[in-house]
Structures are given as structure tokens and as C-alpha cells.
Amino acid sequence: MSTPHPRRSVLRAAAGLSAGAAATTALTPAAAAAPAAPVRTLQRGTGRRRRGTYVPAGPGDVLWGRLPNRDTEPVAVVHPGDVVVLDTVSHEGILEDQGKDPLGYFTSFGVPERDVLRDAVEIAAGVPHDGPGPHVVSRPVAVAGAEPGDVLKVEVLDLELRVPYGVISNRHGRGALPGELPEAWRGDPALAQYFNPGGNVSVFTSVAPSRAGLVGVMPGERAPRFPLAPFLGLMGVARDTSALVDSVPPTVAGGNMDVKDLVVGSTLYLPVQVPGAMFFVGDPHMAQGHGEVALTAMEGSLRATVRLSVVRPGEGAPRLTADYPFAETPEHWIPVGLSDPDGPEGGGNGTDLDEAMRTAVRNAMSFLTEDLGLPGPVAYAYLSAAGDFHVSQVVDRTVGVHATLRKSDLGRR
């Protein structure tokens, strides 16, 4: 085990965490007046699951640091319309700078050994970290009959917390302020507790029930508390390449888009690149702000339930999904823009946030004019008056901007 690092046991501040209470999904500030139930740790194969294909996250079920490509064998084959339940494991707590020892790392914060995922321990010990990214990514699920030119429709039906804690990290040379943070904090003894064994900042954050739902509780005397809104930072389909695909930059095939609106009830549309689509997930988040400025969200393992369907651009999916990811929630249409949608395999990796913004606007315009039939001048004026554009993230080399367009404004009431 790694040598214990001086830390505050944040779990002790979150009274009521219980390994035996029912698991719950986080959700909205408008939850019932009764406090949310504490979170029960969901080890592999435990807990009540929706009927469907179950994909665990054991060592044989995941990749580390890279995404599936056209040559990756699927772990399961499902039919269009099937429900799939996927366990995910966060990379936080198993990375090399944290000791690559999740049992030692999390118990040093006061987490009981029973609440450390065995999946995480086995992955850290037995899965090669042979990709350039940090993420633990599921091996793909093939959807029978999906072909290039189709669109994979991913409906997010449920997201359960697998553990009652998460980690938020800032690593040297990354985040929105590289060269400034965390360098400015080095040498300050009062801040030493926030540095992990590898010299980077990792802030352990516990989960606690409240009357508004589950909240994250950060360390310190003035501990910030914030509502949880779990989502998968990484959902995608395999790219049509035999090259190693880095898990960090998102592309037209999806991947690490970090769009925080993709919570329960949302739908993501992905242009199919290879036969079977080869759908994968990873980078589970318990909460994230737009921009994800420190480098990571509140990272924590989730159990995701999704429905996978196959549709056509313009027939069950917006026309632009032939070439680009697109999402929706019950309230919003969500066009996405990336600074470099083709990925870095060709030797480049554009990081221009302005380009991501321009692409998001172009994609929003395409949707409003081609799918909803608005005249171009009206669509452009609408976006300026009522469309909201959010920085999805600025930390994945390929940066992202996404729009939220109210359906109620556009004839969906």
C-alpha cells in the first residue's frame, strides 16, 4: 500500500453515510422535502438493476487511457432498442500520481475498505495503462445492424452512484491556468494536505444526503456543498481507424465531450463510423461546472443504464447528426461544437475555443434552418436573443462549446 498522506477525513463531516442504505441517483434541487437516502456502495454484480444486458467493469471489460477502434472486439452484442446497464470506474484514485493503489488511497481519507470498489483495485493491479489518457473506458457494445451512415441514439435512463465519494484534481500543466496552478500552492504547509503522493492536487469530496437531494461536501471549515448531477463525461462510438485513439480529446464520434447536460433523461446522437457502432462509456462524473476549469469534474464511479437505438439523419435524428454529435433533454436541444472534431491522430490538435464557438453556432444554425424550418435571418437573430452557449470544457486539448436551445421557444410545448 502507498504511504498514507496527511489528509482530513472528509467522510466524517458527512454524517449519515451508510454502506447499508439504498442507493440513489441525484437529482434536482426540487426533490421532495425528506432527505435523500445515503449511498450504498455498488460492487460488481450487486444491487438491483433494470432488465437488460449487464456490462461489468472488471479487468477484462475495460481499456485504460485509450478508446475502442474498429479492431476492438465487443464485450456484448445487443439489438436496436435494447437496454444496457454499464458499470463504470473513475480513474481518480487509481492513477500513478495517486499511488496506483485505490485501497490505500481511499482508506487514507477514512473510507471503509468495504466501500472501495474491487473493480478499481483489480484494474489498478491488472489492466495495462497503455493509452495516453487517464480514463478507464468500457470495451464496446455492438448494436446489431448499425452501419456507417446511421446514427446511434443513446437515451440515458438511469445513473446510480456506485460509491459515496469522488475526487477533483488539478495536475501540473493542465487546467485553465497551466503554469499558475497548482504551482502557486507548492511549498505552503497549510495546503500540503491537498497534494497527492505524486505532487499534484487532488481534493477528496464526500457525498451526503440533504433535503434537496445528494450533495458533494468538500473539505475545510467553510466546506462548500453543491448539488450532484451525475453524467457520463465520455460516451462515444468507435472511430474507423486501426490507430491508437487517445481517450482525452473528443471527436465527431463523441468521446470525452464533458457536456454536463447529459444527465438522466437526456439523449445523445452519435454518427456511426463502423459496423455495429461499438458504443462505449467512461469518465463518470458526479458533478461538473461548465468549463471544468481545474482539469477534472467531481469524478466518481457510476452505474449507467442506457437504451441504444439506430436511426437515420433526418429520420429520428437531426440532419447534422450524419457528421456531428447532437443532444437533447426534455427542455433543450443541444448542438455541440468542437475545436478539432477530427482528433489528433493526423498529427494536429486544434485548441481554439473561438473555433469551437463558431462550430457550435454553425451547428445550431443548421438545426434551426434544416430541421425546424426557420429562415436563416430569423434563426441567427433567435440565437442572439435567446440561445445560450456554454463552454463545455477547456481542458481536453480539443475544447468544446455547446448550445442550449429551449424547446418551448421553438414549437415543442
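In this text, all values refer to a predicted model and were calculated from it rather than measured experimentally. (Residues numbered from 1 in each chain as written. Predicted model: local features only at pLDDT ≥ 70, side-chain atom pairs only at ≥ 80, totals over all residues. Heavy atoms only, no water.)

### Re helix α4 (residues 376-386)
Burial in α4 covers these residues: A379, Y382, L383 and A386. Viewed end-on, α4 has its buried residues packed into an arc of 105°, placing them on one side of the element. Structural note: α4 exposes P377, Y380, S384 and A385 on the side pointing more than 90 degrees away from its buried face. (Buried < 20%, exposed > 50% of the residue type's maximum accessible area, 1.4 Å probe, protein only. Helix = DSSP H or I, 4+ residues; strand = E, 2+ residues; numbered from the N terminus. Arc of directions from axis to C-beta.)

### What about the pattern of salt bridges?
Counted by the stated rule, this structure contains 18 salt bridges. Of the charged contacts in the structure, one is a salt bridge between D119 and R162, with a shortest N-O distance of 2.9 Å. Here D119, found in helix α2 (residues 118-126), pairs with R162, found in the loop between β8 (151-161) and β9 (165-170); they are 43 residues apart in sequence, far enough to count as distant. Relative accessible area serves as the criterion here: at 0%, D119 is assigned to the buried category. (Salt bridge = Lys/Arg side-chain N within 4 Å of Asp/Glu carboxyl O.)

### Points about the packing of aromatic side chains
Each aromatic ring pair is summarised here by two numbers: the centre-to-centre distance and the angle between the ring planes. Scanning all chains against the criterion turns up nine aromatic pairs. Each ring, one from F109 and one from F204, has its centre 4.4 Å from the other, and the planes form 10°; the classification is stacked. Within this pair, whereas F109 is found in the loop between α1 (102-107) and α2, its partner F204 is found in strand β10 (residues 201-210), the two being separated by 95 residues in sequence. Pair check on accessibility: F109 and F204 agree, each one buried. Measuring from centroid to centroid gives 5.0 Å for W333 and F367, while their planes differ by 55°, and the two rings are tilted. With W333 in strand β22 (residues 332-338) and F367 in helix α3 (residues 353-371), the pair connects residues that are 34 residues apart, well separated along the chain. For the pair shown, W333 and F367 are each scored as buried. Aromatic rings pair up to connect Y105, F106, F109, Y165 and F204 into one cluster. (Phe/Tyr/Trp six-rings, centres within 6.5 Å; stacked < 30°, edge-to-face > 60°.)

### Comments concerning the packing of α3 against α4
Two elements in contact, α3 and α4, have axes whose closest approach is 9 Å; the angle formed by their N-to-C orientations is 130°. If you check the angle between α3 and α4, you find them oblique. Once α3 is placed against α4, the crossing between them reads as right-handed. Contact with α3, carried on its side by V361, A364, M365, L368 and T369, involves G376, A379, Y380, Y382 and L383 of α4 and no other residues of that element. Here the residues of the contact of α3 with α4 sort into eight nonpolar, two polar and no charged. (Axes fitted to C-alpha atoms, helices over the stretch in contact; angles between N-to-C directions. Parallel < 35°, antiparallel > 145°, perpendicular 65-115°, else oblique. Left-handed = near helix turned anticlockwise from the far one by under 90°. Contact = heavy atoms within 4.5 Å. Nonpolar A, V, L, I, M, F, W, Y, C, P; charged D, E, K, R; others polar.)

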